[in-house]
Amino acid sequence: MPKRPLPEPTPETREYWEGTKRGELRIQRCRSCSKAYFYPRPFCPWCASKDVEWFTASGKGKLYSYVISHRPAHGFQDWTPYVIAIVELDEGPRMMTNIIGVEPAPENLPVDMPVEVTFEQQSDDITVPLFRPAGSRA
Amino acid sequence: MTTAIVGAAETDEIGVLPGKSAIQLHAEAALNALDDAGLTKDDIDAVLCAGQSPVAVAEYLNIVPNYLDGTSVGGCSFMMHVRHASAAIRAGLCTTALITHGESGRSRVGMGGWGGARQMLQAQFEEPYGVAGPPTRFTIPILRHMHEYGTTHEQMASVAVATRRWAEQNPRAMMREPITVEDVLNSRVIAWPVHLLECCLVTDGGGALVVVAAERAKDFPKKPAYVLGTGESSEHSMISQMIDMTESRAFKVSGDLAFNEAGISRKDIDHAMFYDAFAHTPMFALEALGFVGKGESGPFFEEMRTAPGGDFPLNTNGGGLSYTHTGMYGMFAIQESVRQLRGEAAVQVAGVKTSIAHGVGGMFHAAGTLILTNDERA
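Quick caveat: nothing in here was measured; it's all calculated off a predicted structure. (Residues numbered from 1 in each chain as written. Chains lettered and ligands numbered in written order. Predicted model: local features only at pLDDT ≥ 70, side-chain atom pairs only at ≥ 80, totals over all residues. Heavy atoms only, no water.)

Can you walk me through the side chain of Thr369 of chain B in this structure?
Residues and elements named next belong to chain B. Tracing the sequence through the fold places Thr369 in strand E11 (residues 366-373). By relative accessible area, Thr369 is classed as buried at 0%. At a separation of 2.6 Å, a polar atom in the side chain of Thr369 contacts the side chain of Ser254. One polar contact links Thr369 to His358, side chain to side chain, over a distance of 2.9 Å. When near neighbours in sequence (up to four residues on either side) are disregarded, Thr369 contacts Met79, Gly229, Thr230, Gly231, Ser254, Gly255, Ala258, Ile356, Ala357 and His358. (Helix = DSSP H or I, 4+ residues; strand = E, 2+ residues; numbered from the N terminus. Buried < 20%, exposed > 50% of the residue type's maximum accessible area, 1.4 Å probe, protein only. Polar contact = N/O pair within 3.5 Å; in protein donor to acceptor, adjacent residues only side chain to side chain. Contact = heavy atoms within 4.5 Å.)

Encoded structure:
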């Protein structure tokens with residue numbers, strides 16, 4: 001497992017990081033305009049309403065775009081090459097992640113491929129959401 | 001048209017300069033630009049810069065400013081500084097603005113740290129995934145563009161080839177060996193689909209500009225570059241939050257503002273400088289600024305229309321891909337626009353009356369656009 005640079009949650013993001021620890025992808029949506037959004041904020045980025053709620057996303061989405069990095073970030077030396085991806089969740093928002101469970105080659109990673117979330121514990125406090133091809137067992 | 005660039009110069013040398021600190025490069029460029037304008041530091045009443053604090057630059061040069069602007073949003077900051085200086089001059093807040101850039105991008109002398117506070121949004125939502133600087137972030141949108149528009153690897157490589165052809169003829173360009181599309185695609189993979197020759201250089205250097213009211217512009221030794229139109233915008237702080245990875249909203253907003261202010265059409269542009277941090281950046285600019293339709297930039301570059309002899313002279317100094325790239329390249333794009341308008345470029349394009357310099361900040365985070373002309377009647 002790569003030694004990732006680990007985040008320190010802030011008050012408005014804590015529920016997200018508490019969720020990943022439990023194996024849940026907790027994101028937010030607006031009760032006024034019904035749109036889901038990411039990253040966490042205490043108001044809706046679309047309509048600015050403060051009437052927002054947390055919910056657990058399905059964890060399903062598609063591979064929106066990516067690179068296969070041959071240039072290791074600190075802590076990733078043993079993992080190069082690896083996939084830095086943008087996943088578009090079925091609920092709408094996009095987030096950065098890594099695609100795991102598949103050899104990092106373009107033929108294995110068609111754009112728009114269905115993916116699903118999986119969780120990798122990094123420390124007592126931080127578990128990161130990663131994605132794998134939908135239906136794979138990685 | 002209310003202001004003009006009347007002084008423009010780069011540092012004595014650009015490239016690998018381990019003997020000079022970042023702020024020293026600011027000052028060297030500033031003094032060269034003052035010389036170019038026939039001014040002294042005591043004529044300056046406004047200081048604008050990025051990377052360093054404008055307070056530090058004013059102190060280093062011993063200037064007493066009436067106006068300061070430290071907008072620092074990456075490589076397009078200098079397009080914004082020209083815009084902000086023009087507005088401040090128009091408003092009567094200052095008369096003679098100095099805009100400086102200096103960066104020890106390669107040698108890292110006198111630079112601040114990279115930072116990395118673990119609570120920042122990028123640290124929480126991008127850095128855990130192994131992003132290693134611009135080559136693994138700026139590059140992420142490309143595949144989406146390829147997927148939706150059929151843009152090919154060869155087309156993207158063509159950007160680097162066309163740019164190199166200008167650099168071959170420019171003695172100050174760092175990379176001057178001729179290259180082919182095959183050379184680009186055979187170079188080392190940095191972040192697939194991006195190869196080494198599709199990434200900009202990393203260098204040391206600087207540049208500076210002097211901006212005054214248009215009615216004073218003819219009182220200076222060199223031919224003025226009148227500021228015809230300006231624009232700026234921003235979109236996101238993290239590449240993962242880009243609204244649509246096939247187009248830059250910031251580019252589009254900034255470009256439309258500049259063209260609306262200039263009151264000219266795309267066809268009136270004789271020369272263009274589109275910030276090329278990576279080979280795809282000018283492709284996105286060509287589309288967002290309205291020179292071609294969405295998804296049409298690939299064939300345009302593949303036909304070598306931007307190379308010497310083509311009908312759209314672009315990045316005529318050799319660009320960030322082959323000339324120089326200190327980290328915030330926008331200053332060098334403006335310098336080349338001014339040189340082309342003055343008729344003193346290393347590789348001069350005949351009959352340039354109007355030039356556009358368009359910059360990006362961060363990973364498509366922000367944008368700034370300048371439309372400049374040497375025609376006082378414009």
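Before we go on, may I ask you to explain empty space enclosed by the protein in this structure?
Residues and elements named next belong to chain B. In this structure the tally under the stated criterion is one cavity of 30 Å³ or more. Along its surface, the largest cavity is lined by Ile142, His145, Met146, Thr151, Met156, His280, Met283 and Phe284. Along the lines of polarity and charge, the residues of the lining of the largest cavity split into five nonpolar, three polar and no charged. (1 Å grid on protein atoms, 1.4 Å probe; cavity = no way out; pocket = protein on both sides within 12 Å on 5 of 7 lines; lining within 4 Å. Points joined across faces, edges and corners; volume = space filled by probe spheres on them. Nonpolar A, V, L, I, M, F, W, Y, C, P; charged D, E, K, R; others polar.)

What should I look at first to understand the nonpolar core in this one?
Considering soluble globular proteins, one finds that nonpolar side chains tend to be buried as a cluster. Core analysis: the biggest nonpolar cluster contains 139 residues, and Tyr66 of chain A together with Phe274 and Ile334 of chain B have the highest contact counts within it. The biggest single contributor to this core is helix H6 (residues 153-168) of chain B, with eight residues. Listed in part, the 26 residues of the second largest apolar core include Ala4, Ala30, Ala37 and Ile63 of chain B. (Core = buried A, V, L, I, M, F, W, Y, C linked by side-chain atoms within 4.5 Å.)

Explanation requested: the sheet that holds strand E4 (residues 97-104) of chain B in the structure shown.
Two orientations exist for strands paired in a sheet by backbone hydrogen bonds: parallel and antiparallel. All names here are of chain B. One open sheet holds the nine strands; their spatial order is E3-E2-E4-E7-E1-E8-E11-E10-E9, and the pairing between them is mixed. The open sheet terminates on both sides in strands that have one partner only, identified here as strand E3 (67-69) and strand E9 (271-274). Ignoring strand direction, the axes of neighbouring strands in this sheet form an average angle of 25°. As paired strands, strand E2 (residues 46-49) and E4 are joined by four bridges and run parallel to one another. Across the sheet, residue Cys49 finds its bridge partner in E4, namely Thr100. Its contacts with the sheet put helix H3 (residues 77-90) on strand E1 (3-10), E2, E3, E4, strand E7 (204-213), strand E8 (225-234), strand E10 (354-361) and E11, and the angle it makes with E8 is roughly 115°. (Pairing = 2+ DSSP bridges. Axes fitted to C-alpha atoms, helices over the stretch in contact; angles between N-to-C directions.)

How should the pairing of E1 of chain B be read in this particular structure?
Each regular strand shows side chains that alternate between the opposite faces of the sheet. Residues and elements named next belong to chain B. The element E1 is largely enclosed, with a buried count of eight among its eight residues. One ladder, built from three bridges, connects E1 with E8; its direction is antiparallel. Paired with Ile5 across the strands is Ala225, a residue of E8.

What should I look at first to understand the confidence of the model for chain B in this one?
In this model, chain B carries an average pLDDT of 96, and 99% of its residues clear a pLDDT of 70 or more. Scored as a whole, the predicted complex attains pTM 0.96, and scored at its interfaces, ipTM 0.95. (pLDDT = per-residue confidence, 0-100.)

What am I meant to see in a negative patch on the surface here?
A cluster of acidic residues, Glu154, Glu182, Asp183 and Glu302 of chain B, forms a negative patch at the surface. Structurally, Asp183 of chain B is set in helix H7 (residues 181-186). (Patch = residues over 30% accessible without salt bridge, like charges linked within 9 Å, V, L, I, M, F, W, Y side chains within 5 Å. Areas by Shrake-Rupley, 256 points an atom, 1.4 Å probe, with all protein chains shown as cover. Salt bridge = Lys/Arg side-chain N within 4 Å of Asp/Glu carboxyl O. Lys, Arg positive; Asp, Glu negative; His and termini not counted. Charge placed at Lys NZ, Arg CZ, Asp CG, Glu CD.)

Any chance you could explain the sheet that holds strand E3 (residues 52-56) of chain A here in plain terms?
Residues and elements named next belong to chain A. The antiparallel open sheet is built from three strands, whose spatial order is E2-E1-E3. Of all strands in the sheet, those bounded by a partner on one side alone are strand E2 (36-37) and E3. One ladder, built from five bridges, connects strand E1 (residues 26-30) with E3; its direction is antiparallel. In the strand pairing of E3, Arg29 is matched with Glu53.

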